[in-house]
Amino acid sequence: MIAARSTPDAEVVRRVRWRLAAWSGGATFIVIVALGVAIYAAVAGSLASSGRQQLDVRAAAIQEFLTSARRGPGERPPIEFAFGGATSGTFGYVVTPADLVYGPRDFDNESLPVTAGIEVARAGRTDVREVEASEVPLRVLSRPVTGGDGVYVVQVAQDTTDEHRTLGVLTGVLLVGGVLAVLGAIAVGAFYADRALVPIRESLRRQREFAADASHELRTPLTVLRSAVEYVERHPEQRVGEMGEVVADMHGEVDQMTALVGDLLLLARTDSGAVDVEREPLDLADVATDALSTVSTLAAAREVRLTLDPSPAPVLGDPQRLRQLVTILADNAIAHSPPGGAVTVRIAPSGRLATLVVEDEGPGIRPDDLPRVFDRFWRAPDAPADGTGLGLAIAAWIVERHDGTIEAANRDGGGARFSVRLPLDRSRAVAAPEA
């Protein structure tokens, strides 16, 4: 079984989707790392500050003992391990000017007291450092105390095992939480990227369909023209006047291609944003009257009765585009009307809107086709052969650019109805009651 090959458009969309998801995950990773570092630094700084305060309190107690004149003979400084209170978890050492050491012997003599800290303290400075004794992490403070017989050194050690354990748990939580957050961000980013790319997929699909439909529509008139040219080449002895039918076919196909290319150019320019609409005060009824004068000949040729029922409806719009809108809708209605039928165009204000309604007495629109009538190149199975399938798409664009709405429906008595609603020009009209 041969696997289906994805199209280049699908590959582009897929790459963009995963790129957006990767950007989402990467941005979340950076935020999580920055937040994690900040949280870790804040917690570590808080624990270190709290531990330093404990050391200061314990050192101050020992210092007070050494400098107090009220201590009893033979009384020992408070250097043993402290349980509870502000100095819980600390113990101290006292180093005399003669290098005699008073303190607990729970650790090996080479680790405590810390010689480097004693040297710094004897130089007149307070020293705080992190060391390890008997595989136990300690924070050690060394402080000089001046006595009557010289400089004593008070060194206080603090077990930081719980502090390191707390920071380890915090690191684990931040790592696990960060990984889950990044994975979640990638999943959410992929989901929203998939939704955000829906319009792009639709645009690419419509672009492919547009190109395919345009090629299909152009193929027929080009084929006719080629056949006509080949006929002329095969009969060089005939004069132009003798080729009336051939010339008429060529003329008709050229007109068809001219209209099609013009509509294609307009839609292409609208997609690129190169076409804009003007805004000037006008009466939609006057525009409709002018537009219908151009299609009255067509209606007469097809024996269709064309009726206009206008009421003043001032709007702000582009006269050329609105005239084109009325022409498209009227021409479409005439094309779908049987001989002897009627097409009615009504213009009237309704509330804060100006309404344009075009009705015909043709077969109407099949319910399944109603959602597609404004699609480009879409044509009903019973549509006239001389249409391009672009007129109603252009009409929808004109209405949209005038901040209006357009809809298609079937009349109860048969035939189709196209309804356009445009905002009234409030500076020139009072809102009419709802119809």
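Calculation rules
Residues numbered from 1 in each chain as written. Predicted model: local features only at pLDDT ≥ 70, side-chain atom pairs only at ≥ 80, totals over all residues. Heavy atoms only, no water. Helix = DSSP H or I, 4+ residues; strand = E, 2+ residues; numbered from the N terminus. Buried < 20%, exposed > 50% of the residue type's maximum accessible area, 1.4 Å probe, protein only. Contact = heavy atoms within 4.5 Å. Areas by Shrake-Rupley, 256 points an atom, 1.4 Å probe, with all protein chains shown as cover. Core = buried A, V, L, I, M, F, W, Y, C linked by side-chain atoms within 4.5 Å. Axes fitted to C-alpha atoms, helices over the stretch in contact; angles between N-to-C directions. Left-handed = near helix turned anticlockwise from the far one by under 90°. Nonpolar A, V, L, I, M, F, W, Y, C, P; charged D, E, K, R; others polar. Pairing = 2+ DSSP bridges. Arc of directions from axis to C-beta. Phe/Tyr/Trp six-rings, centres within 6.5 Å; stacked < 30°, edge-to-face > 60°. Salt bridge = Lys/Arg side-chain N within 4 Å of Asp/Glu carboxyl O. pLDDT = per-residue confidence, 0-100.

Of the regular secondary structure elements, the chain holds eight helices and twelve strands. With 435 residues in all, the chain has 35% of them scored as buried. Counting contacts in the chain only where the partners sit at least 6 residues apart, residues at least 24 apart contribute 66% of the total. Roughly 24,900 Å² of accessible area belongs to the chain as shown, and the carbon and sulfur atoms make up 57% of that amount.

The next point concerns the nonpolar core. Ranked by size, the top nonpolar core spans 45 residues in total, and within it Leu284, Leu322, Leu325, Leu329, Ile347, Leu356 and Val420 carry the most contacts. Beyond its immediate chain neighbours, meaning those up to four positions away, Leu325 contacts Leu356, Ala395, Ile398, Val399 and Val420. If you look at the next biggest cluster of nonpolar residues, it comprises twelve residues, including Ile79, Val94, Val145 and Tyr152.

Attention now goes to helix H8 (residues 391–401). For an α-helix, the turn length of 3.6 residues means that residues three or four places apart are oriented alike. Most of H8 is tucked away, with eight of its eleven residues classed as buried. Here H8 has its buried residues at Leu392, Ala393, Ile394, Ala395, Ala396, Trp397, Ile398 and Val399. Two residues or fewer after H8 comes Asp403, characterised by a positive phi angle close to 60°.

Another point: the packing of helix H7 (residues 319–335) against H8. Taken N-terminus to C-terminus, the directions of H7 and H8 make an angle of 145°; their axes are 9 Å apart at the nearest point. Both H7 and H8 take part in a crossing whose hand is left-handed. The residues of H8 that touch H7, namely those facing Arg321, Leu322, Gln324, Leu325, Ile328, Leu329 and Asn332, are Gly391, Leu392, Ile394, Ala395, Trp397, Ile398 and Val399. In terms of residue class, the contact of H7 with H8 is made up of ten nonpolar, three polar and one charged.

Quick look at the sheet that holds strand E11 (residues 405–410) now. Read across the open sheet, the five strands follow the order E7-E9-E10-E12-E11; overall the sheet is mixed. Across the chains shown, the open sheet's two edge strands, defined by having one partner strand only, are strand E7 (305–310) and E11. Taking the axes of each pair of neighbouring strands and ignoring which way they run, one obtains an average angle of 15° across the sheet. Bridge count for strand E9 (residues 342–350) against strand E10 (residues 353–359) is seven bridges, and the pairing is antiparallel. By the bridge assignment for E10, Ile347 is matched with Leu356. Where helix H6 (residues 284–301) meets the sheet, its contacts fall on E7, E9, E10 and strand E12 (416–423), and the angle it forms with E7 comes to roughly 175°.

Take the sheet that holds strand E5 (residues 150–159) next. Ordered by their spatial adjacency, five strands build an open sheet running E2-E1-E5-E4-E3, and the pairing between neighbours is antiparallel. Among the strands making up the open sheet, the edge pair consists of strand E2 (101–102) and strand E3 (127–133). Pairing geometry for strand E4 (residues 136–147) and E5, over ten bridges, is antiparallel. By the bridge assignment, Arg139 is partnered in E5 with Gln158.

Turning next to the pairing of E10. The buried count for E10 comes to six of seven residues, which makes it a mostly enclosed element. Between the end of E9 and the start of E10, which pair antiparallel, lie two residues, with Gly351 showing a positive phi angle near 65°. With seven bridges joining them, E10 and E12 adopt antiparallel strand pairing. Of the residues in E12, the one forming a bridge with Thr355 is Arg421.

In this section: helix H2 (residues 115–122). Taken together, the buried positions of H2 are occupied by Gly117, Ile118, Val120 and Ala121. An end-on view of H2 places all buried positions within 165° of arc, on one side of the element. Exposed side chains of H2 directed beyond 90 degrees from the buried face belong to Thr115 and Glu119. Backbone geometry just after H2 places Gly124 at a positive phi near 95°.

The full count for this structure, using the stated rule, is three aromatic pairs. Each ring, one from Phe91 and one from Tyr93, has its centre 6.1 Å from the other, and the planes form 75°; the classification is edge-to-face. You can call Phe91 buried: its relative accessible area is 5%. Plain terms: the ring middles of Phe191 and Tyr192 are 5.2 Å apart, the flat faces sit at 80° to each other, and that makes the pair edge-to-face.

We now examine the pattern of salt bridges. The tally for this structure, following the rule as stated, stands at 15 salt bridges. Residue Arg122 pairs with Asp99 through a salt bridge whose shortest N-O separation is 2.5 Å. Placement of the pair is Arg122 in helix H2 and Asp99 in the loop between strand E1 (90–95) and E2, with a sequence separation of 23 residues. A residue is classified by how much of its surface remains accessible, and Arg122, at 35% relative accessible area, is partly exposed. Residue classification places Asp99 among the partly exposed positions, given a relative accessible area of 49%. For Asp127, the salt bridge goes to Arg129, with nearest N and O atoms at 2.7 Å. In this structure Asp127 comes out as buried when scored by relative accessible area, which is 10%. Its relative accessible area of 28% is what places Arg129 among the partly exposed residues.

Averaged over every residue, the pLDDT of the chain is 81; residues scoring 70 or more account for 83%. When the criterion is pLDDT under 50, residues 1–5 qualifies, and its contacts beyond four places in sequence or with other chains add up to zero contacts. Below pLDDT 50 for its whole length, residues 431–435 participates in ten contacts with residues either more than four positions away or in separate chains.

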